Structures are given as structure tokens and as C-alpha cells.
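Summary of the model geometry
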Amino acid sequence: MAEARPTIKDIARVTGVSVATVSRALRGLPHVAPATRGRVMEAAESLDYAAHPQASSLVSGRTWTVGVVAPHFGTWFPFRAMGGINSVFARAGYDMLISVMTSAEDRRSLLEDAGALCRRVDGILLIDTFVSVEADSAGAFFDRPVVAVGEQLAGAASISIDNRGAARRAVEHLIELGHERIGLVTGASCPPDLAMPVPQMRRLGYCDALEAAGLPVARELEVAGSWTAAGGAAALARLLERPDPPTAVFSMSDEMAFGVLKEAARRGLAVPRDLSVVGFDDHDLAETLGLTTMRQAVSEMGVEAAETVISLIEGLEAVDIVWDVPLMVRETTAAAP
């Protein structure tokens with residue numbers, strides 16, 4: 001007769017901790033004391049324990065899958081967030097069921113049939129989906145633990161930043177350097193028919209800084225850049241056509257700021273002597289290009305989001321987390337000419 005396989009109950013008996021704690025320790029989840037985790041791992045090794053995911057799923061009713069929803073994964077923010085998310089799920093033994101909303105129709109279909117998604121997953125991560133446009137609560141759509149990345153949503157834990165406050169700090173930096181005419185390269189919804197409050201929040205921060213300094217908010221200094229480097233270049237070209245062009249530019253994303261830098265160089269402008277530039281994100285290339293920017297720790301936010309949704313699945317409570325966005329002063333800003 002074959003010898004019975006050791007189970008997590010055997011490890012719990014040997015270590016004197018609960019089955020739930022053993023499960024969390026074996027899957028590398030947070031909220032387990034290091035000493036306890038060490039005892040569990042030693043016991044698992046001594047008992048020659050090997051996890052059996054299929055059996056675990058049958059017993060617990062769990063799918064060991066998390067739904068990850070985003071409007072797209074081709075741009076910097078969701079791509080970086082997914083790196084952090086995947087690292088946690090791979091360690092914890094979770095699979096991902098990815099849903100992409102590339103249009104308003106995709107968004108509508110997903111939300112109208114959210115029950116189908118919920119039946120296949122234990123929890124849901126929303127990356128830049130802004131479900132709050134459709135409902136005030138995650139419960140209106142999802143009957144599973146939900147974590148929203150990039151927005152705050154009632155009924156869901158959230159991992160977000162203060163977009164308005166961070167944009168204000170970026171513009172304050174330029175004002176402190178003596179700049180009074182500061183251009184704004186704005187983004188637009190991507191795709192255009194999916195509502196995104198981020199541009200509005202960052203514009204409000206821009207206005208807050210100008211108004212606090214007693215400077216006018218000049219709408220002719222606000223130009224759309226479409227979240228791309230090409231759009232940023234075109235935006236600066238339009239700003240420089242003004243009879244009184246800005247001496248500094250705040251770009252709502254680093255990718256647009258890269259375009260601003262390229263267009264400035266094409267026109268023979270020296271940055272920062274002739275034009276100061278501040279971006280937003282701390283893109284992978286920002287430090288290489290010496291771009292002054294506001295740093296979003298997106299990969300780390302993805303790690304936090306994944307750990308949070310697993311904690312919710314495990315029955316623990318989670319709180320909203322607002323990440324700090326520090327100003328990274330580099331070589332693209334200087335005193336006003």
C-alpha cells in the first residue's frame with residue numbers, strides 16, 4: 001500500500017501553528033512572522049511535503065486565479081505594474097486571467113457580464129480601469145475581493161497616488177526657479193472613449209500651483225500631447241509658435257516629455273538654459289536622459305496590489321494606500337532665463 005502523502009495539516013501539527021498560517025507561509029504570502037515561516041519551511045522539507053494545487057482547489061473551492069483587468073497593457077504604467085503583480089502571483093502560486101478593455105464596447109461587455117469573470121477567479125485587480133465612472137462601488141459589478149490600482153473605489157482596496165498634489169509639486173519646482181510662463185502638455189484618454197480622470201487631476205494641480213503663486217492660468221499654454229513622444233514634440237512646436245512662448249514646460253507623462261526634449265533639440269534650444277522641462281512617472285529612460293520628473297513607483301505599487309488582493313482572498317482586511325510621489329530633480333530644470 002502506497003504511503004500517504006504529507007499534507008499541510010501534518011505541517012501544522014508538527015509546528016503547532018494553524019493550517020491557514022502554514023498555507024500562507026508555504027506560498028510566500030505576507031503577514032507571517034519570519035521565525036514562523038522558517039519553522040514551517042523546515043517542517044515541510046523534513047516531511048518531504050509537495051504541494052498539490054489540483055487537490056487544494058477541490059478541497060477549498062478556490063480557483064487560485066486572480067482576474068487582472070486593464071484598458072491596455074502596451075503603455076508604460078500597466079506594463080510596469082504587471083511586472084510587480086506577476087512576481088507576487090508566481091511566488092504565491094496564483095494564475096492570472098487577463099481581460100483587456102480596448103474600447104468602450106469592451107468595457108461595457110466586461111462590466112455587464114462581470115459575473116462570468118467572478119465565477120472563474122478568487123479576486124480581481126483593476127489597473128487604470130476607472131470603474132468609478134460607471135458606479136460608486138465595486139460591489140455594483142464584482143462579487144469578489146477587488147483591488148483598484150490607480151483609482152480609489154468604494155468597496156475595493158486601492159493603491160493610488162495623489163495626482164493633483166504631485167502635479168502641483170512639479171509646477172511649484174518650476175515657479176521656485178523663477179519661471180512665470182509655464183506650458184502644460186496634457187494627456188488625453190487612451191483610448192479616447194474610455195474616461196480617465198488623471199489628466200483632469202494633474203491639470204488641477206498645475207492650476208493650483210500657478211494660482212497660489214499669483215500667476216495667471218493661460219489656456220493658450222495648454223496643449224494636448226496624446227500620451228506619446230510624438231504628441232509631446234508636436235505640443236512643444238505649438239507652444240513655441242506663441243508670440244510669448246513659455247520658458248518651462250510641465251508634461252503630464254515622461255513619454256510626452258521625451259518628445260518635448262527632442263523638439264527642443266531640433267529647434268536648437270538648449271535644455272535647461274533656454275527651456276526647463278519636468279515630466280511625470282520616472283520612466284525607465286528618464287534618469288538616462290537626465291529628465292526632472294515626479295516618480296511613480298509603479299512596479300512596487302503592483303507588488304503591493306497583488307499582495308493586497310491575496311490578503312483579501314485570505315480573509316484579511318486591507319486599507320487604501322496612497323503612495324508618495326517624490327520630485328526627482330535632474331538636468332532638465334534650471335533658473336528661468
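Now for a look at the structure at hand. The shown structure was predicted, so the numbers you read here are calculated from the model rather than taken from an experiment. Residue positions are given per chain, counted from 1 along the sequence in the order it is written. Where totals are concerned, whole chains, interfaces and linings use all residues; where local detail is concerned, this predicted model gives features only for residues with pLDDT of at least 70, and gives and counts side-chain atom pairs only at 80 or more. Heavy atoms from the whole structure form the basis of all side-chain values; hydrogens and water molecules are not counted.

**Examining the side chain of glutamine 296**
Elements are defined by DSSP. Helices are runs of H or I of four residues or more, strands are runs of E of two residues or more, and each kind is numbered from the N terminus. As for its placement among the helices and strands, glutamine 296 is situated in the loop between strand 10 (292-295) and helix 12 (298-313). Apart from residues no more than four positions distant in its own chain, glutamine 296 is found in contact with Trp76, Phe77, Ile161, Arg202, Phe280, Asp281, Asp282 and Val325. For this analysis, residues touch if any pair of their heavy atoms sits within 4.5 Å.

**Quick notes on the pattern of salt bridges**
Basic side-chain nitrogens of Lys or Arg form a salt bridge, by our definition, when they fall within 4 Å of a carboxyl oxygen of Asp or Glu. As enumerated under the stated definition, the model contains 15 salt bridges in all. Its salt-bridge partner being aspartate 284, residue arginine 80 comes within 3.7 Å of it at the nearest N-O pair. You can see arginine 80 sitting in helix 5 (residues 76-92) and its partner aspartate 284 sitting in the loop between strand 9 (276-281) and strand 10, a full 204 residues away along the chain. Only protein chains enter the accessibility calculation, which uses a 1.4 Å probe; a residue is then buried when its area is under 20% of its type maximum, exposed when over 50%, and partly exposed in between. Arginine 80 sits in the partly exposed class, given a relative accessible area of 31%.

**Some words on the packing of aromatic side chains**
Centres within 6.5 Å make a pair out of two Phe, Tyr or Trp rings, where for Trp the six-membered ring is used; the pair is then stacked when the planes are under 30 degrees apart, edge-to-face when over 60, and tilted otherwise. Overall, the coordinates contain three aromatic pairs when judged by the stated rule. A ring pair is formed by phenylalanine 141 and phenylalanine 142, whose centres lie 6.2 Å apart and whose planes are at 55°; its orientation type is tilted. As far as the burial class goes, phenylalanine 141 and phenylalanine 142 line up, both buried. Put simply, the rings of Trp64, Phe89 and Tyr94 touch in pairs and so form one group of aromatic residues. Sitting over a ring, as applied to charges here, requires NZ of Lys or CZ of Arg to be within 6 Å of the ring centre and within 35 degrees of the ring normal. Between arginine 202 and the ring centre of phenylalanine 280, over which it is positioned, the NZ or CZ distance is 3.7 Å.

**Considering the sheet that holds strand 12 (residues 327-328)**
At least two bridges found by DSSP between two strands are what make those strands a pair. Pairing in this open sheet of six strands is mixed, and the strands run 7-6-8-9-10-12 from one edge to the other. Here the strands that pair on one side only, and so sit at the sheet edges, are strand 7 (222-224) and strand 12. With two bridges connecting them, strand 10 and strand 12 associate as antiparallel partners. Bridge pairing in strand 12 places methionine 294 opposite leucine 327. Against the sheet, helix 9 (residues 198-212) makes contact with strand 6 (182-186), strand 7, strand 8 (248-251) and strand 9, and its axis sits at roughly 170° relative to strand 6, the strand it touches most. Geometry is summarised by axes, namely lines fitted to C-alpha atoms with helices restricted to the contacting stretch, and by angles between N-to-C directions that run from 0 to 180 degrees. Contacts between helix 10 (residues 229-240) and the sheet are confined to strand 6, strand 7 and strand 8, with strand 7 contributing the most and set at about 145° to the helix.

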